[in-house]
Amino acid sequence: MTTPLHRYRIVQWIDYRLPIFSWTNEHLVEYPAPRNLNYWWNFGSLAGIMLVVQIITGIILAMHYTPHVDYAFNSTEHIMRDVEWGWMMRYLHANGASMFFVVVYIHIFRGFYYGSYKSPREILWWMGVLILFLMMGSSFLGYVLPWGQMSFWAATVITNLISAIPWIGETLVQWLWGGFSVANPTLNRFFSLHYLLPFLLCAVVFIHLWALHHRKSNNPLGIDVKSPKDTIPFSPYYTVKDLVGLGVMFFVLAIFVFYLPNFLGESINYIKADPLVTPPHIVPEWYFLPYYAILRAVPDKLGGVIAMVASIAILFVLPWLDTSKVRSARFRPIYKQFFWIFLADCFVLGWVGANPVEGSFILIGRIATVYYFAHFLIILPLLGKFERTKPLPESIHQAVLAKKGGADASGAPPDSSAGSSPGGAA
Amino acid sequence: MRAQLFAIAATLGLVFAGIGNAVAAGSAAEPPDHEWQHTGVFGTFDRGELQRGFQVFQEVCASCHSLDFIAFRNLLDIGFDVDQIKAIAAEYEVEDGPDNEGEMFMRTAKGSDYFPAPFANPQAARASNGGAFPPDLSVIVKARDGGLNYLYGILTGYEEEAPEGFELAEGMNYNHYFPGHQIAMPEPLYEEAVEYADGTEPTLEQLAHDVSVFLAWTAEPELEIRKKTGLKVLIFIAIFTALIYIIKRRVWAKLH
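Remember, it's a predicted structure, so these values are computed and weren't measured experimentally.

Reading the values: the criteria
Counting restarts for each chain, with residues numbered from 1 along the sequence as it is written. Naming scheme: in the order in which they are written, chains are lettered from A and ligands are numbered from 1. With the structure being a predicted model, the display of local features is reserved for residues of pLDDT at least 70 and the display and counting of side-chain atom pairs for 80 or more, all residues being used for whole-chain, interface and lining totals. To obtain the side-chain values, all non-hydrogen atoms of the structure were used and water was disregarded. Bear in mind that the domain bounds are from an automatic or database domain assignment. The contact rule is simple, with two residues in contact once any of their heavy atoms fall within 4.5 Å. Buried area is a sum: the accessible area each of two parts loses on coming together, probed at 1.4 Å, counted once for each and added. Should a side-chain nitrogen of Lys or Arg be within 4 Å of a carboxyl oxygen of Asp or Glu, the pair is scored as a salt bridge. The term polar contact refers here to a pair of N or O atoms within 3.5 Å; inside protein, the definition further demands a hydrogen-donor-capable atom paired with an acceptor-capable atom, and it admits residues adjacent in sequence only when both atoms are side-chain atoms. For helices the rule is a DSSP run of H or I covering at least 4 residues; for strands it is a run of E covering at least 2, with both sets numbered from the N terminus onward.

## Focus on the domain arrangement of chain B
All names here are of chain B. Examined at the domain level, chain B breaks down into domain 1 (25-70 + 115-221) and domain 2 (224-256). Just the C-alpha atoms count here: the centres of domain 1 and domain 2 sit 43 Å apart. On the side of domain 2, four residues touch domain 1, which itself brings 10 residues to the contact. Summed over both partners, the interface of domain 1 with domain 2 buries about 530 Å², with 41% contributed by carbon and sulfur atoms. When the area that domain 1 buries against domain 2 is broken down by residue, the three leading residues are Val 41, Phe 42 and Glu 220, summing to 42%. Where domain 1 touches domain 2, the interface holds two salt bridges. For Arg 47, the salt bridge goes to Glu 224, with nearest N and O atoms at 2.9 Å. At the boundary of domain 1 and domain 2, one finds five residue pairs in polar contact (both at pLDDT 80 or more).

## With respect to the interface of chain A and chain B
With 50 residues of chain A at the interface, the matching set in chain B holds 48 residues. The largest contributions to the chain A side of the interface with chain B come from Arg81(A), Tyr259(A) and Phe347(A), which together make up 17% of the buried area. Connecting chain A to chain B are one salt bridge. Salt-bridge contacts for Arg73(B) lead to Asp82(A); the nearest nitrogen and oxygen are separated by 3.5 Å. Taken together, chain A and chain B are joined by nine residue pairs in polar contact (both at pLDDT 80 or more). Elements that contribute at least two residues to the side of chain A that touches chain B include exactly α4 (72-81), α5 (86-114), α10 (234-259), α14 (333-353) and α16 (396-405) of chain A.

## Quick word on the side chain of Arg52(B)
With respect to the helices and strands, Arg52(B) occurs in helix α2 (residues 47-59). In this structure Arg52(B) touches Tyr196(B), Asp198(B), Thr200(B), Gln206(B) and Asp210(B), once residues within four positions along its chain are discounted.

Set out below in structure tokens:
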């Protein structure tokens, strides 16, 4: 090994027995990354950082929180008022959850745009979908803990979905509740599970990274790395580039934590849970709104639950639904259009999810739901067959150098007017 | 790239507008925007408003509403000194015990005690208020859509007579800004309801304003330190990110 650290005898001694220095060097320093990764490639590491933020703030909050129906709400206020910097820990954790989802959703849509789920990265993609499922479970469980009105009623609505399962649903949901309704045993186990899931998440993240480092990163051109000229070492190039994104992310997070801490929350969650008073509108957190819209778009309870679960589970088979051989949307002019329409469709679903099921929202919600599935089940399979893709560049370094030397001296991000300059060089 | 950003911005705008509509749809008339000193980025609480608001709470609200999360010691934050707080606490009796005989007993309140609730339990509160439950006011500003403006709207939005054609139930009162307009709480504030210790003229608007500010503080006692810390944090991150960006440009410039 050639790392300068290995000059030190103590490092040699340790590394011979446990190769942590070689390992770090291999995966964080010399790790060969495509030289053309743009800022959209920040979001994986940003998601990892957010997981760490959530775990640290969460552990501190758990030191002061009491998972009991009589004390949970009060202990949350105790954290806000009496614990040193407790308000900051809680607001970081609550808004951090939203930040985590923002970052992960961007990360997923980056994958959609550049075809990162395609061979040989299917298992990497599966781990990502599993991470999304675990995140959703974890954030749902966490939202219940302050034991406000929305905590209680969201827990009631969501756990009740399980009762839609034929034959065993009722039994299953009572087993989950630990009784005949959401109550103290439910709160207790939700706290326990909320503490458990992030560590499962870490394990899946590890597998996600293992698969990533085995087959290496995709890139904005979507073509394979062919020679060492196509790559640059992770450090310093991508450590410093990721740090730029990290700064921007923390800036945005800080604006919410310090100036708009309750902007994303529901005001009625500052009313202590009351099983006898049902709120007029029960809405989930913003990051669940699209799925909530899909759930309610189906007029049958079981059907709605199946559609909602399928809306995420369909991602597992995405690598085979998308039949195109070309990864990046830069060379797929029609897919690129459908990508933006699909993104807009997800926002429409979110908007419908935030509104009551009445009037035109019912129809809009159903159309948007049908389109959501049509994107995966009809558009993507057909596009691969009929779309005429643009010619791919010979190699990553040729495309990058052509761009550098060509007309593009203005320093515009590599994503603009994709087809023209690299295509000409090839 | 630019087109992408536009598309993202447009869709985000659409969604936030949608969410805003959804929130607004549930309430009655939108309470007007009132001017507050502490809501801006640099805004801090006015100690005079806070102390007058506390007086309004003590003399008016506290006869029906509890303030469970506020201890007398917390009043240090709004500008009272230790002796004043001891004097304020001394006006209250709290239950303590059990003593060595196993009996509960009443004693004078201390700075470490929380504000005693006016009713022993929700049932007693309902029994004394025509079946309606006066909510705890500690976090009321955070617990209502519209927050401060809503609170101020409620306090100043009473009408002696319901508009013609409006069926007002027995024992209810008409309020412009309460969802459904029928509120069980009788008009709590009126001109000169309180004689201010500092000589400020106690108009209805002044009373409502002061007590709203006081309740904004009880809901967010960390507000001032939060914003102050936030400013430092943002400046730090901005400089950090700018420096990192410069380094990034330099590091990458060597690449070709």
